[in-house]
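# Analysis of the macromolecular model
Each chain is listed here by its residues.
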Amino acid sequence: MVKLIGKKIIYLAIFISGNGSNLKSLIKKFKNNSKIKISLVLSNNPKAKGLFYAKKNKINYKTINYVNKKKAENIILNLLEKNKIEVVCLAGFMKILSKYFIKKFNKPILNIHPSLLPKYKGLNTHSRVIANKEKFSGCTVHLVTPVLDSGKIIAQKRIKIRKNDNVLKLSKRILKQEHIIYYKAIRKFVSIL
Ligand code: GRF
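Throughout what follows, the structure given in this document is the object of discussion. (Residues numbered from 1 in each chain as written. Predicted model: local features only at pLDDT ≥ 70, side-chain atom pairs only at ≥ 80, totals over all residues. Heavy atoms only, no water.)

## Notes on the nonpolar core
The following threshold applies: Here, nonpolar core means buried Ala, Val, Leu, Ile, Met, Phe, Trp, Tyr and Cys residues that are tied together by side-chain atoms lying within 4.5 Å of each other. Burial status follows relative accessibility: with a 1.4 Å probe on protein chains alone, a residue under 20% of its type maximum counts as buried, one over 50% as exposed, and anything between as partly exposed. A run of DSSP states H or I qualifies as a helix once it reaches four residues; a run of E qualifies as a strand once it reaches two. Both are numbered from the N-terminal end. Contacts are assigned to residue pairs that have any heavy atoms within 4.5 Å of one another.
Ranked by internal contacts, the top residues of the largest apolar core, which has 38 residues, are Leu12, Ile38, Tyr182 and Ile186. Counting residues per element, this core draws most heavily on helix H6 (residues 167–191), at nine residues. With residues up to four places along the chain from it excluded, the contact list for Tyr182 reads Asn22, Leu26, Cys89, Leu90, Ala91, Leu110, Asn111, Ile112 and Val141. The next biggest cluster of nonpolar side chains, apart from the first, holds 21 residues, and it includes Ala13, Phe15, Leu42 and Leu79.

This is how it looks when you write it as structure tokens:
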């Protein structure tokens with residue numbers, strides 16, 4: 001890992017694939033932060049709604065064609081280097097980063113996941129949580145490793161499942177918490193690098 005102590009500005013890249021509500025919230029919260037700057041937004045999906053927020057806020061953004069994963073990852077690695085990115089934050093990025101990519105980047109990659117990891121890794125967390133009649137769910141910020149949703153946990157927020165919860169209601173409540181913990185977790189994480 002590269003030591004960041006003494007550096008003035010830490011540049012973040014956010015990877016998205018869809019709505020980008022986490023991106024929108026992070027852009028808003030980091031806007032007045034003089035130490036941490038979101039300077040690159042990447043999407044594998046040209047139609048990702050989140051790209052609009054990057055554009056609107058004049059943040060450099062790019063769509064990466066993922067037909068060839070190795071090629072796509074090499075393009076991303078070049079962009080990260082060119083933009084002096086120190087930390088990558090995945091926010092609804094639907095592609096799994098390869099072992100090669102993680103090793104080659106060699107800097108922290110964070111992800112936000114809508115469950116209380118290590119429970120409910122992968123997709124469709126809310127419907128599985130409801131089907132299993134869990135009492136609690138939540139969201140987790142963790143470090144990305146080659147094993148899906150399994151890296152060190154940085155922050156977690158637990159919320160109670162209500163009797164009348166469905167996937168939509170639960171996902172909305174959890175997303176609200178994601179917006180709060182992702183920002184706090186990134187700030188805290190970057191401060192100890
Ligand atoms: C979030 O629930 C996040 O935890 C998951 O994908 C969703 C992305 O939402 N990884 P958004 O695109 O940030 O609105």
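Having put the structure on the table, let's press on.
## What about the sheet that holds strand E5 (residues 109–113)?
Basically, it comes down to this: Think of it this way: DSSP has to see at least two bridges between two strands before they count as a pair. Angular values range over 0 to 180 degrees, each being the angle between N-to-C directions of two axes fitted as lines to C-alpha atoms, with helices fitted over their stretch in contact.
Taken in spatial order, the seven strands of this open sheet run E3-E2-E1-E4-E5-E6-E7, and their pairing is mixed. With partners counted over all chains shown, the strands left at the sheet margins are strand E3 (61–63) and strand E7 (153–160), one partner each. Neighbouring strand axes in the sheet, compared pairwise and without regard to direction, differ in orientation by 20° on average. Pairing of strand E1 (residues 10–16) with strand E2 (residues 36–43) involves seven bridges; the strand directions are parallel. Looking across to E2, one finds that Phe15 is bridged to Leu42. Strands E1, E2, E3 and strand E4 (85–90) of the sheet are contacted by helix H3 (residues 69–82), whose axis makes an angle of about 160° with E2.

## Brief notes about the side chain of Ser98
Note the following rule: The definition of a polar contact used here is a pair of N or O atoms within 3.5 Å, where within protein one atom must be able to donate a hydrogen and the other to accept one, and adjacent residues in sequence count solely through side-chain atom pairs.
Tracing the backbone shows Ser98 in the loop between E4 and helix H4 (99–105). A distance of 2.4 Å separates a polar atom in the side chain of Ser98 from a polar atom in the side chain of Glu73. Setting aside residues up to four positions removed in sequence, Ser98 forms contacts with Lys69 and Glu73.

## Details of the site of the ligand
The line we're drawing: Throughout, the term near means that a residue has one or more heavy atoms lying within 4 Å of the molecule or strand in question. Here the Shrake-Rupley method, with its probe set to 1.4 Å, supplies the accessible areas, and only the displayed protein chains count as covering residues. Three classes are used: nonpolar for Ala, Val, Leu, Ile, Met, Phe, Trp, Tyr, Cys and Pro, charged for Asp, Glu, Lys and Arg, and polar for all others, with Gly counted as polar.
Around the ligand, the neighbouring residues are Asn19, Gly20, Ser21, Asn22, Gly92, Ile112, His113, Pro114, Leu175 and Glu178. With respect to the ligand, the backbone of Gly20 contributes an N or O atom lying 2.8 Å from an oxygen atom. Take Ile112: an N or O atom from its main chain is 3.0 Å from a nitrogen atom of the ligand. When the ligand is considered free in solution it has 360 Å² of accessible area, and contact with the protein chains removes 82% of it. Among the secondary structure elements, those contributing two or more residues to the shell around the ligand are helix H1 (21–30), E5 and H6. Of the residues belonging to the shell around the ligand, the class tally is three nonpolar, six polar and one charged.

## A word on the pattern of salt bridges
Operational definition: Definition used for salt bridges: Asp or Glu carboxyl oxygen within 4 Å of a side-chain nitrogen of Lys or Arg.
Summed over the entire model, instances satisfying the criterion amount to three salt bridges. For Glu86, the salt bridge identified is with Lys107, shortest N-O distance 3.7 Å. In this pair, Glu86 is assigned in strand E4 and Lys107 in the loop between H4 and E5, connecting sequence segments 21 residues apart. Salt-bridge contacts for Arg173 lead to Asp165; the nearest nitrogen and oxygen are separated by 2.7 Å. Summarising the burial analysis for this pair, Arg173 and Asp165 share the class buried.

## Focus: the side chain of Asn83
The residue Asn83 is located in the loop between H3 and E4 in this model. Among the polar contacts made by the side chain of Asn83, one reaches the main-chain carbonyl oxygen of Leu79 at a distance of 2.8 Å. Setting aside residues up to four positions removed in sequence, Asn83 forms contacts with Tyr11, Ser39, Leu40 and Asn60.

## Some words on the packing of aromatic side chains
One pair of aromatic rings is described through two measures. These are the centre distance and the angle between the planes. Basically, it comes down to this: Only the six-membered ring of Trp is used, alongside the rings of Phe and Tyr, when aromatic pairs are assigned; centres must lie within 6.5 Å, and planes under 30 degrees apart are stacked while those over 60 apart are edge-to-face, with the rest tilted. Two thresholds decide whether a charge sits over a ring: the Lys NZ or Arg CZ must be within 6 Å of the ring centre and within 35 degrees of the ring normal.
This model, assessed by the stated rule, comprises five aromatic pairs. For the ring pair Phe15 and Phe93, a centre distance of 5.3 Å and an interplane angle of 70° mean the geometry is edge-to-face. Remark: Phe93 occurs in the loop between E4 and H4 and Phe15 occurs in strand E1; sequence separation between them is 78 residues. We note that Phe15, like Phe93, is buried. Ring plane angle 70° and centroid distance 6.1 Å describe the contact between Tyr66 and Phe93, whose orientation is recorded as edge-to-face. Taken together, the residues span a long stretch of sequence, with Tyr66 in the loop between E3 and H3 and Phe93 in the loop between E4 and H4 at a distance of 27 residues. The class for Tyr66 is buried, based on a relative accessible area of 11%. On the accessibility criterion, Phe93 (10% relative accessible area) is buried. Among the aromatic side chains, those forming a connected cluster through ring pairs are Phe15, Tyr66 and Phe93. Here the basic side chain of Lys70 rests over the ring of Tyr100, its NZ or CZ set 4.1 Å away from the ring centre. For Arg158, the ring lying beneath its charged end belongs to Phe136, and the centroid distance is 3.8 Å.

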